[in-house]
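Remarks on the overall topology
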Amino acid sequence: MAPNKFGVGQSMKRKEDDPLLRGHGRYIADVQPEGQLHAALVRSPHPHARFRLDAEKAKSMKGVRLVLTGADVTDVGLMPCQAGIPGVEFPTPRYPVLATDEVHHVGDAVAFVVADTLAQAKDAAEAIAVQWEPLPHVVGAVAALKKGAVQVWKDRPGNVAFTVDLGDKAATGKAFAPAANVVEVTVVNQRLVTNYMDTRGCIAEYDAAADRLTLTMGSQGSNYMRDTLCEMLQLPPEKIRVITPDVGGGFGTKLFIYREYALLAVAAKKLKRPVRWIADRSEHFLGDAHGRDNITTAKLALDDKGKFLALDVDIVADMGSYLSAYAPYIPFLGAGMTPGLYDIPACYVRVRGVYTHTVPVDAYRGAGRPEASYVIERLVDAAARELEIAPDTIRKRNFIKPKAMPYKTAVGKIYDSGYFNAHMSRAQEMADWDGFKKRASEAKRKGLIRGIGLATYIEACGNNGPDMAEIKLDPDGGVTALVGSQSSGQGHATSYAQLVADQFGLSPDMVRTVQGDTDRIAQGAGTGGSSSITCAGTALVKATKTLGDNLKQLAADALETSVGDLEIADGAVRVAGTDRIITFADLAKRPNVPKDKLAAHDQFVPEQPTYPNGTHVAEVEIDPATGATKIVNYIIVDDFGVTLNPLLLAGQVHGGAVQGIGQALMEQAVYDEDSGQLMTASLMDYALPKAADMPSFAFETANVPCTSNPLGVKGAGEAGAIGSCPAVMNAIVDALWRAYKVRHIDMPATPERVWQAIEEGQQLHRM
């Protein structure tokens, strides 16, 4: 038996933290190869323009080693859009690594400069003479859909990148016709910028003798990066090695390939010197994929008792100027989750991707599922208010019942497990839901208004793969686990050590985890979609069991007994019920042991996603004089199936909730419609949540094991960001409705926006 203090279900502290806290981490900016050169890019100041450039002066400047323009890299493949929409064909615009004659967003790249120092590279970049011919542009998906709008791409009339629908339109229309009540909302899920702690970066090195490139980069998966670069550079996999060191946050946005990586590879090969590029924060705003940016209109049909009959949803998703790696799939994925936790017999969802002259939009923590949860939970609250039914009552009336599992939704998702009323009831109990009126009265006496809101959510995740794992017995009796995922702060080394501990009883210190090196790890899907434990973790458990069987066979020979008499515990194999034992270290040292018996590998991808679900309850206090909102209580109760490490799980949920609250209250990427400029292109203008802005979270689980993977776990990395936005916004609207009969407010609910809503509500009262 594995020792309880290390195994699955225990709150073991992170193995990773000691070196990080001591400053011994190795992030991309810490990698400093000898003889490195530095790169800088020339980016467009216009949202749409034709251009010509003259780089001759820059090429002759001190320290400049190389200048690349679009004409120099025509043999490099286009930036790929790799995740389309199943069964839907649509053209993809040309997305070159350097624009050749026309740019399509502020920040689009037109030249790449390499010099001895970063200052020299930046000076040369500024010296490149570019003649710009500004062209008409369009910002915002709604504006882009209007008749007569500027066209981003000539072959996509109306700026529609694609249209896809889910569900049954006819059945939904039929269900709406006799409905006693129809409730409609239009909600904005604003554009966001990821803002991880360490910006993207990459260092490319070329080994002329081996004719081989090595790229070190902050990413969410080195194998994906290698394979995509091989396609773009037309090289076989053995000619490129990708290494990913420590990563300070990814949130989906470091999962994709970016133009700088291919340009660095070209430069390193030409110059036969290491070439380094680290994004500054402004480049991050202008060059990295943005997130969200949906405008959705949703209608809910109900009978006279508040029972849901049908759901009609229209999603307009801003794609930006190009189609990024996973861009079309994100709103499609979200559309599949719009029914939420509710038993809705008929559903129809239309999704339109729309081109605009802005930075491309792609996956950001939750990738479509936060958008879906936000729509349905705001809509359900609006229905409760319209029908004068309590928000918890209308939810209980319409939840999918546990006995209905597995349940197929009207848009085709199959939920395998869940007891939705249980986690909502527990969250209400923890939040003292019934005592809210007393607290609201106390706040009113202080000149403040209070609101309480809840949101239930469900998401589909945990099935990116196949992912692989290999485990090897080391000479000292420990093991090395090589895993195809990539940690960006989640604590993978700790989690994987616990999985091994459950099988072998080894101390976590004896489990070494290797990630992020394509020379050591043959394949891997990387980290995305909350799939690390469900896919790579399951593969590791399977490989560990195989290695255990191998070790028992070797021990049976050494101890002269049968395999059936042996058990593994405490890093050793022993004859059950006796003191006859052989340690892993002794097994590793035995002569003539075949190497393949000291290692095992496996891979796994589930046939179906996992469906984590839960309830968030937020209570807010608003100062009507300023519009400032304070979260005074926050409760989360989630169903994550089997919990591997409660401590790490809580950290993931807290972090996700903070990102969602940041979106609800303050974050927004804003483009000026007239100039096309990103007005929030730095942390001076783009607000991020701080610790002082956040409440103390109360978090519990009410788990129902998942049936789609052997571990019974459900993905947890994105869940906090999915339930938090609608919970906070429902609480704010609840406060505004109680005091001023304000029905709606969009994110972000900044003090200014809340104050304006209060003013409008007061004016209506006076009329």
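Residues numbered from 1 in each chain as written. Predicted model: local features only at pLDDT ≥ 70, side-chain atom pairs only at ≥ 80, totals over all residues. Heavy atoms only, no water.

What about the pattern of salt bridges?
- A complete count under the given rule lists 41 salt bridges for this structure.
- The salt bridge partner of lysine 714 is aspartate 639, with a shortest N-O separation of 2.8 Å. Taken together, the residues lysine 714 in the loop between β28 (697-701) and α18 (719-740) and aspartate 639 in strand β27 (residues 629-639) connect sequence positions 75 residues apart.
- For aspartate 693, the salt bridge goes to lysine 690, with nearest N and O atoms at 3.7 Å. (Salt bridge = Lys/Arg side-chain N within 4 Å of Asp/Glu carboxyl O. Helix = DSSP H or I, 4+ residues; strand = E, 2+ residues; numbered from the N terminus.)

Re the side chain of arginine 450
- Relative to the helices and strands, arginine 450 resides in strand β18 (residues 449-458).
- Here glutamate 619 takes part through its side chain, which lies 2.5 Å from a polar atom of the side chain of arginine 450.
- Among the polar contacts made by the side chain of arginine 450, one reaches the side chain of glutamate 621 at a distance of 3.0 Å.
- Not counting chain neighbours up to four residues away, the residues in contact with arginine 450 comprise Phe436, Arg439, Ala440, Ala443, Glu619, Val620, Glu621, Val632, Asp734, Ala735 and Arg738. (Polar contact = N/O pair within 3.5 Å; in protein donor to acceptor, adjacent residues only side chain to side chain. Contact = heavy atoms within 4.5 Å.)

Some thoughts on the sheet that holds strand β6 (residues 129-134)
- Ordered by their spatial adjacency, three strands build an open sheet running β4-β2-β6, and the pairing between neighbours is antiparallel. Only two strands of the sheet have a single partner each, and these edge strands are β4 (102-103) and β6.
- The sheet contact formed by strand β2 (residues 49-54) and β6 spans six bridges and is antiparallel. Bridging across to β6, aspartate 54 finds its partner in alanine 129. (Pairing = 2+ DSSP bridges.)

Some points on the environment of aspartate 693
- Position of aspartate 693 among the secondary structure elements: in the loop between α17 (646-665) and β28.
- Measuring from C-alpha to C-alpha, the distance between aspartate 693 and valine 658 comes to 9.2 Å, with 35 residues separating the pair along the chain.
- Of note is the side chain of aspartate 693, whose polar atom sits 2.8 Å from the backbone nitrogen of lysine 690.

Description of the packing of helix α14 (residues 492-504) against helix α15 (residues 532-559)
- Here α14 crosses α15 at 35°, and the two axes come no closer than 9 Å. Handedness of the crossing formed by α14 with α15: right-handed. Between α14, through His492, Ser495, Tyr496, Leu499, Val500, Gln503 and Phe504, and α15, the contact on the second element is made entirely by Ser532, Ile533, Ala536, Gly537, Leu540, Val541, Thr544, Lys545, Leu547, Gly548 and Leu551.
- Tallied by class, residues from the contact of α14 with α15 come to ten nonpolar, seven polar and one charged. (Axes fitted to C-alpha atoms, helices over the stretch in contact; angles between N-to-C directions. Left-handed = near helix turned anticlockwise from the far one by under 90°. Nonpolar A, V, L, I, M, F, W, Y, C, P; charged D, E, K, R; others polar.)

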